[in-house]
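Listed below are the residues making up each chain.
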Amino acid sequence: MKIKIALTATFICAAFSLFAQSDYKQSIGLRLGNGYYDVASAAYKTFLNNASALEFNLGINPDRVGGANWTSVSAAGTYQHHFDIKPVAGLKWFIGGGIVLSNTFSKHDDYTGVGVGLYPTGGADYKFSKIPLAVSADVRPTLNIVEPFDYKRYNNFYPNVGVSARYTF
């Protein structure tokens, strides 16, 4: 009996979270991360409905460590499903996943190539009530399906943690 009540309560909470109101429809700004393929990226986020959103990033990583200078440019697309964090208005957590395409340029052929990665994501998003600003923090542990070059440091797996600030409209 207790299991049925718990399952029913969980179902009701999940159903209500599907209809949660987003505090903005679109936003544009900057995401800073520690990923191999982007340390800085332009970020655009749009809500498809009250809880579902797509975020698109165009990023760059000018790596100047050691003698193998290389630059990566990337494009990423992420699906996010948002849930309210009560009792703080404007604060939501999200889960989802995405794909990233990157291209690495270098004077050295050993550090040149195209990459494709997949990642799950999770994080929190906060929309300020009195100003048109949303900030977020996320985790995107990326598994590269196609390596741009043989980068043995991470063995096809790149931790990526980022923070964003976006103007909302």
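So, here is what we can say about the structure in this document. (Residues numbered from 1 in each chain as written. Predicted model: local features only at pLDDT ≥ 70, side-chain atom pairs only at ≥ 80, totals over all residues. Heavy atoms only, no water.)

**Some remarks on the nonpolar core**
Nonpolar side chains in soluble globular proteins generally cluster together in the buried interior.
No. 1: Core analysis: the largest hydrophobic core is formed by 8 residues, namely Tyr36, Tyr37, Trp70, Ala76, Val100, Tyr119, Phe149 and Tyr158.
No. 2: When residues no more than four places from it in sequence are discounted, the contact partners of Val100 are Tyr37, Ser74, Ala75, Ala76, Gly115, Val116, Gly117, Tyr119 and Thr142. (Core = buried A, V, L, I, M, F, W, Y, C linked by side-chain atoms within 4.5 Å. Buried < 20%, exposed > 50% of the residue type's maximum accessible area, 1.4 Å probe, protein only. Contact = heavy atoms within 4.5 Å.)

**Description of the packing of aromatic side chains**
In this description, an aromatic ring pair is defined by two values, namely the gap between the centres and the angle between the planes.
No. 1: Tallied over the full model, the rule gives 4 aromatic pairs.
No. 2: Where Phe83 meets Trp93, the ring centres are 4.5 Å apart and the plane angle is 20°; that geometry is what we call stacked. A residue pair is termed long-range when its members are at least 10 positions apart, and Phe83 in strand β4 (residues 70-84) and Trp93 in strand β5 (residues 91-106) qualify at 10 residues.
No. 3: With centroids separated by 6.1 Å and ring planes inclined at 25°, the aromatic side chains of Tyr167 and Phe169 adopt a geometry described as stacked.
No. 4: A relative accessible area of 48% places Tyr167 in the partly exposed class.
No. 5: According to the relative accessible area criterion, Phe169 is partly exposed, its value standing at 47%.
No. 6: Over the face of the ring belonging to Phe94 we find Lys45, whose NZ or CZ atom lies 5.2 Å from the ring centre. (Phe/Tyr/Trp six-rings, centres within 6.5 Å; stacked < 30°, edge-to-face > 60°. Helix = DSSP H or I, 4+ residues; strand = E, 2+ residues; numbered from the N terminus. Lys NZ or Arg CZ within 6 Å of the ring centre and 35° of its normal.)

**A look at the pairing of β4**
Both faces of the sheet carry side chains from a regular strand, because those side chains alternate between them.
No. 1: Summarising the sheet, strand β3 (residues 52-63) and β4 pair through 12 bridges and their orientation is antiparallel. Across the sheet, the residue bridging to Ile60 is Val73, located in β4.
No. 2: Note: β4 against β5, 15 bridges, orientation antiparallel. When the bridges of β5 are listed, Val73 appears paired with Asn103.
No. 3: The turn linking β4 back onto β5 is made up of 6 residues, and Gly90 within it adopts a positive phi angle of 90°. (Pairing = 2+ DSSP bridges.)

**Overview of the pattern of salt bridges**
No. 1: Applying the stated criterion across every chain yields a total of 7 salt bridges.
No. 2: A salt bridge links Lys45 to Asp125; its shortest N-O distance comes to 3.3 Å. Of this pair, Lys45 sits in strand β2 (residues 40-47) while Asp125 sits in strand β6 (residues 113-127), and the two are 80 residues apart along the sequence.
No. 3: Measuring nitrogen to oxygen at the nearest pair gives 2.5 Å for the salt bridge that ties Lys92 to Asp84.
No. 4: In this structure Lys92 comes out as buried when scored by relative accessible area, which is 5%.
No. 5: Accessibility expressed as a relative area gives 32% for Asp84, which makes it partly exposed.
No. 6: When salt bridges with common partners are traced through the structure, they connect Arg31, Asp38, Glu55, Asp138 and Arg140 into a single cluster. (Salt bridge = Lys/Arg side-chain N within 4 Å of Asp/Glu carboxyl O.)

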